[in-house]
Amino acid sequence: MTTSTTPECDDKNIPKHVAIIMDGNGRWAQAQGKSRVTGHKAGVDSVRAVVKGARKSGVEALTLFAFSSENWQRPEQEVSVLMDLFMYVLTKEVKRLHKNNIRFQVIGDLSRFSEKLQKSIAKSEQLTSENTGLVLSIAANYGGRWDIANAAKTLANQVKNNELALDDVNENSLHEHTCLAQLPPLDLLIRTGGDFRISNFLLWQAAYAEFYFTEVLWPDFNESEFEQAINTFDQRERRFGKTGEQIANK
Ligand code: IPE
Ligand code: IPE
Ligand code: MG
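Residues numbered from 1 in each chain as written. Chains lettered and ligands numbered in written order. Predicted model: local features only at pLDDT ≥ 70, side-chain atom pairs only at ≥ 80, totals over all residues. Heavy atoms only, no water.

Undergrad: For this particular structure, what's the right way to read the site of ligand 1?
TA: Every residue close to ligand 1 is listed here: Met22, Asp23, Gly24, Asn25, Gly26, Arg27, Arg36, His40, Ala66, Asn71, Arg74 and Leu82. Arg27 places a polar side-chain atom, nitrogen or oxygen, 2.7 Å from an oxygen atom of ligand 1. Measuring from an oxygen atom of ligand 1, one finds a side-chain N or O atom of Arg74 at 2.7 Å. Out of a free accessible area of 380 Å², ligand 1 has 87% covered by protein chains. Judged by the fraction of its atoms near the pocket grid, ligand 1 is located in the largest pocket. Contributions of two or more residues to the shell around ligand 1 are made by helix H1 (25-30) and helix H2 (36-57). (Near = heavy atom within 4 Å. Polar contact = N/O pair within 3.5 Å; in protein donor to acceptor, adjacent residues only side chain to side chain. Areas by Shrake-Rupley, 256 points an atom, 1.4 Å probe, with all protein chains shown as cover. 1 Å grid on protein atoms, 1.4 Å probe; cavity = no way out; pocket = protein on both sides within 12 Å on 5 of 7 lines; lining within 4 Å. Sits in = over half its atoms within 2 Å of the grid points. Helix = DSSP H or I, 4+ residues; strand = E, 2+ residues; numbered from the N terminus.)

Undergrad: I keep staring at the site of ligand 2 and nothing clicks. Help me out?
TA: Near ligand 2 you find Ile21, Met22, Asp23, Phe65, Ala66, Phe67, Asn71, Arg74, Arg191, Arg197 and Ser199, and these make up its full shell. Interatomic distance of 3.1 Å between a side-chain N/O atom of Asp23 and an oxygen atom of ligand 2. Considering ligand 2 on its own, with 380 Å² of exposed area, one finds that the protein chains cover 78% of that surface. A molecule is said to occupy a pocket when more than half its atoms come within 2 Å of that pocket's grid points, and by this definition ligand 2 occupies the largest pocket. With 3 residues, the single largest contributor to the shell around ligand 2 is strand E2 (residues 61-68).

Undergrad: How do you make sense of unusual backbone geometry when you look at a structure like this?
TA: Residues other than glycine predominantly adopt negative phi, and peptide bonds predominantly adopt the trans conformation. The phi dihedral of Asn101 is positive, around 60°, even though this residue is not glycine. On the secondary structure map, Asn101 appears in the loop between helix H3 (76-99) and strand E3 (103-107). Phi angles above zero are rare outside glycine, and Ser199 is one such case at about 45°. Topologically, Ser199 is positioned in the loop between strand E5 (188-191) and strand E6 (210-213).

Undergrad: Explanation requested: the packing of aromatic side chains in the structure shown.
TA: Scanning the entire structure with this criterion turns up 11 aromatic pairs. Geometrically, the ring pair formed by Phe211 and Phe213 is stacked, given 5.9 Å between the ring centres and 25° between the ring planes. Take Phe213: its relative accessible area is 34%, and that puts it in the partly exposed class. When the centroid spacing of 5.4 Å and the interplanar angle of 20° are considered together, the rings of Trp218 and Phe221 count as stacked. Each member of the pair, Trp218 together with Phe221, is buried. Here the aromatic residues Phe65, Tyr142, Trp146 and Phe201 are joined through ring pairs into a cluster of three or more. Taking NZ or CZ as reference, Arg112 lies 4.2 Å from the ring centre of Trp72, over its face. (Phe/Tyr/Trp six-rings, centres within 6.5 Å; stacked < 30°, edge-to-face > 60°. Buried < 20%, exposed > 50% of the residue type's maximum accessible area, 1.4 Å probe, protein only. Lys NZ or Arg CZ within 6 Å of the ring centre and 35° of its normal.)

It is worth stressing that arrangement in space is one thing and function is another; only the former is reported here.
Put into structure tokens, the structure is as follows:
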């Protein structure tokens, strides 16, 4: 009789691409009688923790929702602190990402950010562009509807310039122009903070993602919480429209 020497955990189905709606910073801070901004600052530690967790577990791509296209509607002071924090983290953390062979990119409509921030983003992306490890995408001024509309606009322009036939406007060609098209399909979408909604995040990309919702507020989300989320993925049966029997007999 042959016995397998492979440890059980090696057989685990690890999601290739994980995205997180990092929610609950404000409530975390307010529960301690502190300002919402304190929560955003504390949330940076959780970002470090999940990046570490993703690398450890062999996730290939991690996409984090940092600022939505709707978040501009928040009080001016909060938005301003978030921008400063973004700038600070970029300048402070990117070297470490680079050292860890992480490829860093920002997705979203960057044109609304200050020139200084745009430059810092471009510099960080450039520095890490040749890296072959984890791909870390930060969604900033990102909206799922914007993403799809933007892809549609690119295709429309190609049709207008006779570079693309109208019949070639389809799911595949539109997909090519959405954000993250170059990465593995989104496998797992995590939302912290206890709400059960997508808040205009990866609408196109989440078509067949598994969802994981947790009450844990973002600043309390750590490596072990991340591991827990990854572990539940292994128990999901992904049918992609087929029957359970078809999947079991594969
Ligand atoms: C998520 O935390 C961070 C951003 C949206 C920038 P929130 O700031 O939304 O925290 P809550 O949901 O108000 O607790
Ligand atoms: C979603 O959180 C955006 C980010 C986490 C960056 P929000 O707190 O903005 O979502 P809503 O407003 O509760 O839907
Ligand atoms: Mg929120």
